[in-house]
Amino acid sequence: MTKLRNVSLIGVPTDIGAGARGASMGPEAMRVAGLAEALRARGVDVIDRGNLAGPSNPWLPPTDGYRHLQEVVAWNQVTHDAIYAELKTGRLPIMLGGDHCLGLGSISAVARHCRDTGKKLRVLWLDAHADFNTSELTPSGNIHGMPVACLCGFGPKELIEIGGHVPAISPKWIRQIGIRSVDEGERAFVHEHDLEVFDMRFIDEMGMRHTMELALATLDDNTHLHVSFDVDFLDPVMAPGVGTTVGGGPTYREAHLCMEMIADTGRMASLDLVELNPALDEKNKTALVAVDLIESLFGKSTLMRK
């Protein structure tokens, strides 16, 4: 079970890196769905830090391969600073996005904290997409398709330097789970840099249990486990409220097993919840499912396990 029982919720209400408007409303949808109350019912001390502030979304076409680069930099810098400050106090930050470009600010802060404290880092990237695009590879220029590449040092100077160290992380520290949509040029780039990707074919063939055993292998007491949970990881049948739905995702039960096995390690020390788009949801269904899964991340299970 996750050891850190002191949690801080940090809302980052922007869809600056996305291709559809609406993820800016994600933090409030999670609050309405009762995230804080659900965690408190599990004995977790929850402080809601409210929402960070940043530039509005100008909704412009790409410039030099990037949409809204300066605004994305601003939002990721404030995200980095807030997450880093929270980690220094010994609390577990939950970053409520917002789109997945914010994983850059969040994870660069976690990586900086790990450098400060001499810890190893493992990142679980739960997503339908690899998010390993660059301005040369991206068909859209939307930066929510680039955060993993930026974290690994491939991107504009202003983004890759946010955590104070380039690259912020090594590709070897990432395990991507649930992937089922990768752009053509991105596919070769993922292969070239040897990202460890457990795509849906792997999960279909080997099962979620074996997938998670591999993804969580070699964790020890000196490992900080960060979970970056894009809601489009889930099959759109149960999670329609995202801007980039891709069919054929993990089932409800597979998703819970994934979360329960993460909880069993007791190592999760930070969490992103991103890409929830209430404008595309049905009666906040996706937010309620996300709260349910986050409860599993914090140890909710059918039986008391030994």
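In every chain, residue numbers begin from 1 and rise along the written sequence. Only residues with pLDDT of 70 or above have their local features reported here, since the model is predicted, and side-chain atom pairs are shown and tallied only from 80 upward, although totals for entire chains, interfaces and linings are computed over all residues. Hydrogens and water are ignored here; the side-chain numbers use all heavy atoms of the structure.

Trainee: Lay out the overall build of the protein with the relevant residues and their values.
Mentor: Counting from the N terminus, the helices are the DSSP runs of H or I reaching at least four residues and the strands are the DSSP runs of E reaching at least two. Scanning the protein from N- to C-terminus turns up ten helices and eight strands. Per-residue burial over the protein gives 58% buried out of 306 residues. If you take every contact in the protein between residues at least 6 apart in sequence, the share linking residues at least 24 apart comes to 77%. Accessibility throughout is a Shrake-Rupley quantity obtained with a 1.4 Å probe, and a residue counts as covered only by protein chains that appear here. Accessible surface, the protein as shown: approximately 12,100 Å² in total, 54% of it carbon and sulfur. We treat Lys and Arg as the positive residues and Asp and Glu as the negative residues; His and chain ends play no part in the count. Charge positions are represented by NZ for Lys, CZ for Arg, CG for Asp and CD for Glu. Positive and negative charge centroids in the protein, built from 29 and 40 side chains respectively, lie 8 Å apart. Each residue is assigned to one of three classes by its accessible area relative to the maximum for its type, calculated with a 1.4 Å probe on protein chains only: buried under 20%, partly exposed between the two thresholds, exposed over 50%. Note on definitions: a residue-residue contact is assigned when non-hydrogen atoms from the two residues lie within 4.5 Å.

Trainee: Explain the side chain of Thr14 residue by residue, including any values.
Mentor: Looking at where Thr14 falls in the secondary structure, it is placed in the loop between strand S1 (6-12) and helix H1 (26-32). Filtering out sequence-adjacent residues up to four positions away, Thr14 remains in contact with Ala23, Ser24, Trp75, Gly98, Asp99 and Leu102.

Trainee: Give a description of the packing of aromatic side chains that names residues and reports values.
Mentor: Here a Phe, Tyr or Trp ring, Trp counted by its six-membered ring, pairs with any other such ring whose centre lies within 6.5 Å, and the pair is stacked when the planes are under 30 degrees apart, edge-to-face when over 60, and tilted otherwise. Within the structure shown, the criterion is met by five aromatic pairs. Each ring, one from Phe132 and one from Phe154, has its centre 6.3 Å from the other, and the planes form 80 degrees; the classification is edge-to-face. In this pair, Phe132 is assigned in the loop between strand S4 (120-126) and helix H5 (147-151) and Phe154 in the loop between H5 and helix H6 (157-160), connecting sequence segments 22 residues apart. The class of Phe154 is partly exposed, set by a relative accessible area of 27%. Feature note: the residues Phe132, Phe154 and Phe189 constitute an aromatic cluster, connected by ring pairs. Between the NZ or CZ atom of Arg112 and the centre of the ring of Tyr84, over which it lies, the distance is 3.8 Å. We call a charge positioned over a ring when the NZ of a Lys or the CZ of an Arg lies within 6 Å of the ring centre and within 35 degrees of the ring normal.

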